[in-house]
Amino acid sequence: MRPIYLDNNATTRVDPEVVEAMLPFFTDQFGNPSSIHGFGASVGSAVKKARRQLQALIGAEFADEITFTSGGTESDNAAVLSALEAMPNRTEIVTSAVEHPAVLTLCAHLEKNRRVKMHRIPVDRQGRLDLDAYLAALTPHVAIVSIMWANNETGVIFPVARLAELAKEVGALFHTDAVQAVGKLPMDLKSTAIDMLSLSGHKLHGPKGIGALFVKRGVRFRSLIKGGHQERDRRAGTENTPGIVGLGKAAELALTVMDDATKRVTSLRDRLEQGILQRIPNTCVTGDPLERLPNTTNISFEHVEDDGIPILLSRLGIACSSGSACTSGSTGPSHVLSAMNMMHEAVRFSFARDNTEAEVDRVLEVMPAIVDRLRGSPVMSQAGEVPKAFNPV
Ligand SMILES: *Cc1c(COP(=O)(O)O)cnc(C)c1O
């Protein structure tokens, strides 16, 4: 049986068309885009094209609002640090309790080492941002607000356009970690007050180690990486040209297929979710069921310990994750679920356009027995027998 990959919020398969677009940049098109000779020029125009492809995906007004980086983590770091440096009189950061570690760990570090005050805005049991706490934290001391567009563990979407307008009222910059949202949700940044946005190639069927930071024209920016004049002095270092071309192609594909992909992943996600809720008692969906990404479900299972479900599923060749892959290996519940006051084992299934109904049905076939086994009581559901391929722990 072919392995089943339902962990697309952790990373995605690189689209074959992306690979194809990248290949020449490892061979004939090896030039350095900064060179004045012909080897550089053609590569330079490929980088330009990729910038326009990203511009189109996120609805930026100008292509030069996009700077290529090494990924989501670097973009997040660059945005927050730039704001603090550009506005030395402001020493506070507003963020949420459920951000990716790329933002939370950085902010905690700044708080410890740099006399920066950090406001972690809480969320409710459905993972929705506490708007009163947000408004209370917004003062003229705030340099930057960094709040994610969509959460990687639950898929819950924050109203970032509105949050950005509120941040504007106190003169703070607004950054959003949109790594999970870009390519999944339609965007038109030019019609919002969002100043900066992070995205990452490998979350949208592009390669790993490449991403971008959108910085609205007119926003003061201080580069994180110092060195040469690449990326108009915003990100030093010879460009990762195969990665940039791959990210551009991934962006173009995402935009082309977005409507169909959204329908497809929504229907797969709902089929799995409803199937699990019907077949297995004491389960529920974690996070706002309406304002969330079309591809993500986070299901909580009462009376199931730790990583049991993902581990047993993985023995059957089915990949999903408990909480966030980025924090696996650490013990205890994820910071996102803790912030939501959810203490049960929760499993995240995240879909992409390359998943199928047959894969969902296979998961539904094996889940009841797995949960029964972990609950230690085979009578709790009408589950069938433990599947043949199932190896007891
Ligand atoms: C994956 C992810 C990141 C990190 O992106 P990398 O490109 O892996 O550095 C940041 N934020 C969110 C929400 C993510 O899901």
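Every chain's residues receive numbers from 1 upward, in the order its sequence appears when written. At least 70 in pLDDT is required for a residue's local features to be given in this predicted model, at least 80 for side-chain atom pairs to be given and counted, and no such filter applies to totals for whole chains, interfaces and linings, which use all residues. Note that the side-chain values use all heavy atoms of the structure and ignore hydrogens as well as water.

**Some words on helix H8 (residues 241–279)**
Counting along an α-helix, one turn takes 3.6 residues, and residues three or four places apart therefore face a common direction.
At step 1: Only DSSP runs of H or I covering at least 4 residues are called helices, and only runs of E covering at least 2 are called strands; the numbering of each starts at the N terminus. Multiplying one less than the number of residues by 1.5 Å gives the expected span of a helix. Between its first and last C-alpha, H8 extends only 48 Å over 39 residues, short of the 57 Å set by a 1.5 Å rise per residue.
At step 2: Its maximal kink placed at methionine 258, H8 deviates by approximately 65 degrees.
At step 3: Residues adjacent in sequence count toward polar contacts only when both atoms are side-chain atoms; beyond that, a polar contact is any pair of N or O atoms within 3.5 Å, and within protein one must be able to donate a hydrogen and the other to accept it. Two to three positions downstream of the cap, the backbone nitrogen of glycine 243 sits 2.9 Å from a side-chain oxygen, assigning the N-cap of H8 to asparagine 240. Think of it this way: the bend at a residue is just the angle between two axes, each fitted to seven residues, one set ending at that residue and the other starting at it.

**Some thoughts on the domain arrangement of the protein chain**
At step 1: Domain extents, as shown, originate in an automatic or database domain assignment. Entries for the protein chain in the domain assignment read domain 1 (4–10 + 258–376) and domain 2 (16–254).
At step 2: Averaged C-alpha coordinates put domain 1 and domain 2 at centres separated by 27 Å.
At step 3: Between domain 1 and domain 2, roughly 2,600 Å² of surface is buried when both sides are summed, and carbon and sulfur atoms account for 56% of that area.
At step 4: What counts as buried area is the accessible surface, traced by a 1.4 Å probe, that two parts surrender upon association, with contributions from both included. Taken as a group, Met258, Leu293 and Arg353 account for 25% of the area that domain 1 buries against domain 2, more than any other trio of residues on that side.
At step 5: We define a salt bridge as a side-chain nitrogen of Lys or Arg found within 4 Å of a carboxyl oxygen belonging to Asp or Glu. Linking domain 1 with domain 2 are zero salt bridges, by the criterion used here.
At step 6: Where domain 1 packs against domain 2, one counts twelve residue pairs in polar contact (both at pLDDT 80 or more).
At step 7: By residue number, the principal contributor to the side of domain 1 that touches domain 2 is helix H10 (residues 335–339), which donates four residues.
At step 8: As a working rule, the residues Ala, Val, Leu, Ile, Met, Phe, Trp, Tyr, Cys and Pro are called nonpolar, Asp, Glu, Lys and Arg charged, and the rest polar, with Gly in that last group. A class-by-class count of the residues in the side of domain 1 that touches domain 2 yields twelve nonpolar, 13 polar and six charged.

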